[in-house]
Amino acid sequence: MLSRVALRSVVARQSAPTALVARTSASDACGVRDEKNFPRPIRGEPGKVRLGFIPEEWFQFFHSKTGVTGPYTFGAGLITYLFSKEIYVMEHEYYTGLSIFVMVYYATVKFGPPISKWLDKEVDQIETDLNQGRVETVKSLEEAIVTEKDAQWRAQGQELLIQAKKENVLLQLEAAYRERLMNTYQEVKRRLDFQLEKAALERRFEQKHLVDWVITNVSKAITPDQEKQTLDRCIADLAALAQK
Amino acid sequence: MAFGDYPKEYNPSVHGPYDPARFYGKPDTPFGQVKISEIGSWLARRNKTPSAFMGAVSRAWWRWQHKYVQPKRVGMAPFFQLLVANMAFFYAINYGKIKHHRNYKYH
């Protein structure tokens, strides 16, 4: 965090020409970002230490040459040498330091774990807060994708529906066509039937009229003599038949 | 190069975000891999101007910061390291006075 603030203040303090140079150099032909040799720095785990503050690497440096106890032996021997030759003088401040060491040790052992637990919780809380916006954006975008997929699926359903509607319209057209065909057929048949009936009626009337006319004229043409002659002849025929 | 500027070799378009713990010049053989016979020439190649010296100290400071102070879950180690370093430093600068408190004449 502090390093970022420092970086930002350094950037802010850059003189204008330098900033301009930095900005224009980004478009240089040779200005290709070297991700392999200069990767983006990431925040790692803290370095390991032993005895509270001595870097683990120093122990590893001894380990290959002297084994596990080597560094401790070296440290104890060095301290003994410093005490023995009074390079480190045990004056009154030394005992003050010893008592302070005891207090610091006790405080570390007693209050260290709960404080570190609380601080870890705070760190997690801060990280969660910082990430929340991003996480929520990702979540909302994913939801939008799901909605969009659903909408596409629905649109496909709409295409099916439109196809079905088109088929339905075609069916209706077919039905209307057939209905009209039937209608035409029936109309034509009705007219033909009418013509047939009319023709038959006319023929019947003509026949009847002709028959009537013929009968009327024939009966008009029969004279009383002829009638009498025919009647006589009939009687004569009847008499002839009666004799047989 | 004025105060607060980036090193001359640093090119943002190539190196990306500035890492204050990093040396952006042409790397030489690390000191741990230098042979005894080459130490003289290795030292002769070093840039010994005050600004280069300050740059080296600054990089060491930021390397320590990134390793022990800046990580997410830091223990008490950096504070103890600072404490011990301060004790050693002040013991060294006060050594001229402290040495009169010796208890024994002969060692």
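Above this text is the structure in question.
All of these numbers come straight from a predicted model, not from anything done at the bench. (Residues numbered from 1 in each chain as written. Chains lettered and ligands numbered in written order. Predicted model: local features only at pLDDT ≥ 70, side-chain atom pairs only at ≥ 80, totals over all residues. Heavy atoms only, no water.)

A.B. asks: What exactly am I supposed to notice about the overall build of chain B here?
C.D. replies: The helix and strand tally for chain B stands at 5 helices and 0 strands. For chain B, buried positions account for 25% of its 107 residues. Partitioning the intrachain contacts of chain B with sequence separation of at least 6 by distance along the chain shows that 26% fall at a separation of at least 24. Only carbon and sulfur atoms are counted for the fraction: they give 65% of the accessible area of chain B, which is about 7,900 Å². (Helix = DSSP H or I, 4+ residues; strand = E, 2+ residues; numbered from the N terminus. Buried < 20%, exposed > 50% of the residue type's maximum accessible area, 1.4 Å probe, protein only. Contact = heavy atoms within 4.5 Å. Areas by Shrake-Rupley, 256 points an atom, 1.4 Å probe, with all protein chains shown as cover.)

A.B. asks: I would appreciate a short explanation of a nonpolar patch on the surface in the present structure.
C.D. replies: On the surface, A:Leu210, A:Trp213, A:Val214, A:Val218 and A:Ile222 cluster together into a nonpolar patch covering about 480 Å² of accessible area. By the element assignment, A:Ile222 lies in the loop between α5 (92–221) and α6 (224–243). (Patch = residues over 30% accessible without salt bridge, like charges linked within 9 Å, V, L, I, M, F, W, Y side chains within 5 Å. Salt bridge = Lys/Arg side-chain N within 4 Å of Asp/Glu carboxyl O.)

A.B. asks: How should I be thinking about helix α4 (residues 70–84) of chain A in this particular structure?
C.D. replies: Given 3.6 residues to a turn, an α-helix orients residues that are three or four positions apart in the same direction. An ideal rise of 1.5 Å per residue puts 21 Å on 15 residues; α4(A) measures up with 20 Å between its terminal C-alpha atoms. Once α4(A) ends, the next one or two residues include A:Glu86, with phi positive near 55 degrees. (Expected span 1.5 Å × (residues − 1).)

A.B. asks: Whenever I open this one, the packing of helix α3 (residues 56–66) of chain A against α4(A) confuses me. Can you help?
C.D. replies: Think of two packed helices as two axes; the pair is described by the angle between the axes and how far apart they sit. All names here are of chain A. In contact at an axis separation of 8 Å, α3 and α4 are set at 110 degrees when each is read in the N-to-C sense. With respect to their mutual orientation, α3 and α4 come out roughly perpendicular. Here Phe59, Phe62 and Thr66 of α3 come into contact with α4, specifically with Gly70, Pro71, Tyr72 and Phe74. By residue class, the composition of the contact of α3 with α4 is 5 nonpolar, 2 polar and no charged. (Axes fitted to C-alpha atoms, helices over the stretch in contact; angles between N-to-C directions. Parallel < 35°, antiparallel > 145°, perpendicular 65-115°, else oblique. Nonpolar A, V, L, I, M, F, W, Y, C, P; charged D, E, K, R; others polar.)

A.B. asks: Sorry, what's going on with the pattern of salt bridges here?
C.D. replies: Two side chains with opposite charge may pair up if their charged atoms get near one another. This structure, assessed with the given rule, holds 14 salt bridges over all chains. The salt bridge involving B:Arg73 is made with A:Asp124; its shortest N-O contact spans 2.6 Å. Here B:Arg73, found in the loop between α3 (50–69) and α4 (77–93), pairs with A:Asp124, found in helix α5, and the two come from separate chains. Take B:Arg73: its relative accessible area is 31%, and that puts it in the partly exposed class. Linking B:Asp28 and B:Arg45 is a salt bridge whose minimum nitrogen-to-oxygen distance equals 2.8 Å. With B:Asp28 in the loop between α1 (12–15) and α2 (39–45) and B:Arg45 in helix α2, this pair connects stretches of sequence that are 17 residues apart.

A.B. asks: For this particular structure, what's the right way to read the interface of chain A and chain B?
C.D. replies: How big an interface is tends to be expressed through the accessible area that disappears when the partners come together. Listed per partner, the contact involves 49 residues of chain A and 35 residues of chain B. Here chain A meets chain B over a buried area of about 3,600 Å², counting both sides, of which 57% is carbon and sulfur. Its largest share of buried area at the contact with chain B, chain A owes to A:Phe38, A:Phe53 and A:Glu86, together 17% of the area lost on that side. At the boundary of chain A and chain B, one finds 4 salt bridges. Where chain A meets chain B, there are 16 residue pairs in polar contact (both at pLDDT 80 or more). Elements represented by at least two residues in the side of chain A that touches chain B include exactly α1 (2–13), α2 (16–25) and α5 of chain A. A per-class count over the side of chain A that touches chain B returns 22 nonpolar, 13 polar and 14 charged. (Buried area = accessible area lost by both parts, 1.4 Å probe. Polar contact = N/O pair within 3.5 Å; in protein donor to acceptor, adjacent residues only side chain to side chain.)

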